[in-house]
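# Structural overview for review
Residue-level listing of the chains:
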Amino acid sequence: MPEHHPSTSSCVEQGSPGARRLSGTEAIVIIVVVGVSASLVTVAAVPVLEVLQLLAGAGLIAGLTIALSTRFSLRTARSALKAALAAA
């Protein structure tokens, strides 16, 4: 029988504190986004750059919607929007 060291077995049993598994709905959303993106590129012959721009725009709109719906401060949302636009 293999010998277990107490320092390693406690880490393995409890897992890392930052690790979290995706829920079913999160996994489905990711699968749908990847599938639609792949079909746009292959079937509809949309350039990859345009698909990436579409995903970035949709992510920005979703992030702002969530931020505003959770009463995120308008000043913070404005600074995040400026940072996102500066990066683009």
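Please refer to the structure higher up on the page.
Residues numbered from 1 in each chain as written. Predicted model: local features only at pLDDT ≥ 70, side-chain atom pairs only at ≥ 80, totals over all residues. Heavy atoms only, no water.

### Looking at the overall build of the protein chain
Under the convention used in this document: Helix and strand assignments come from DSSP, with helices taken as H or I runs of at least 4 residues and strands as E runs of at least 2, each series counted from the N terminus. Residue burial is assigned from relative accessible area. The probe radius is 1.4 Å, only protein chains are included, and a residue is buried under 20% of its type maximum, exposed over 50%, and partly exposed in between. We get accessible surface area from the Shrake-Rupley algorithm with a probe of 1.4 Å; when it comes to residues, only the shown protein chains can shield them.
The helix and strand inventory of the protein chain stands at four helices and zero strands. Sequence-ordered secondary structure for the protein chain, helices as α and strands as β, is α-α-α-α. Taking all 88 residues of the protein chain together, the buried fraction comes to 5%. Carbon and sulfur atoms make up 69% of the accessible area of the protein chain, which totals about 7600 Å².

### Details of the packing of helix H3 (residues 48-69) against helix H4 (residues 74-87)
The condition is simple: Axes, fitted as lines to C-alpha atoms, cover a helix only where it is in contact. Angles between the N-to-C directions of the axes lie from 0 to 180 degrees. Should an angle fall under 35 degrees it is called roughly parallel, over 145 degrees roughly antiparallel, and 65 to 115 degrees roughly perpendicular, with every other angle called oblique. Here, residues are in contact when the closest pair of their heavy atoms is within 4.5 Å.
At a minimum axis distance of 10 Å, the contact between H3 and H4 shows a crossing angle of 170°. For the element pair H3 / H4, the angle class is roughly antiparallel. Along the contact surface, H3 presents Leu-60, Leu-64 and Leu-68, while H4 presents Leu-74, Ala-77, Leu-81 and Ala-84.

### Some words on the packing of helix H2 (residues 24-42) against H3
The cut-off we apply is this: The sense of a crossing depends on the near helix, which, turned anticlockwise from the far helix by less than a right angle, makes the crossing left-handed and, turned clockwise, makes it right-handed.
For the pair H2 and H3, the least separation of the axes is 9 Å and the interaxial angle reads 150°. With respect to H3, the element H2 is oriented roughly antiparallel. The handedness of the crossing between H2 and H3 comes out as right-handed. Contacts between H2 and H3 involve Val-33, Ser-37, Leu-40 and Val-41 from the former and Val-48, Val-51, Leu-54 and Leu-55 from the latter.

### Quick word on the pattern of salt bridges
The criterion, for reference: Any Lys or Arg side-chain nitrogen located within 4 Å of an Asp or Glu carboxyl oxygen qualifies as a salt bridge.
Inspection of every chain in the model, using the stated rule, returns one salt bridge. Linking Arg-20 and Glu-26 is a salt bridge whose minimum nitrogen-to-oxygen distance equals 3.3 Å. Given the relative accessible area of 29%, Glu-26 is considered partly exposed.

### Considering a nonpolar patch on the surface
Heads up, the condition is: Surface patches are drawn from residues lacking salt bridges whose relative accessible area is over 30%; two like charges belong together within 9 Å, two nonpolar side chains (Val, Leu, Ile, Met, Phe, Trp, Tyr) within 5 Å.
Taken together, the side chains of Val-29, Val-33, Val-41, Val-48, Leu-52 and Leu-55 present a nonpolar region at the surface, about 460 Å² in accessible area. Of all elements in the fold, only H2 and H3 reach the threshold of two or more residues within the nonpolar patch. Locating Val-33 in the fold gives a position in helix H2. Residue class for Val-33 comes out partly exposed when judged on its relative accessible area of 38%.

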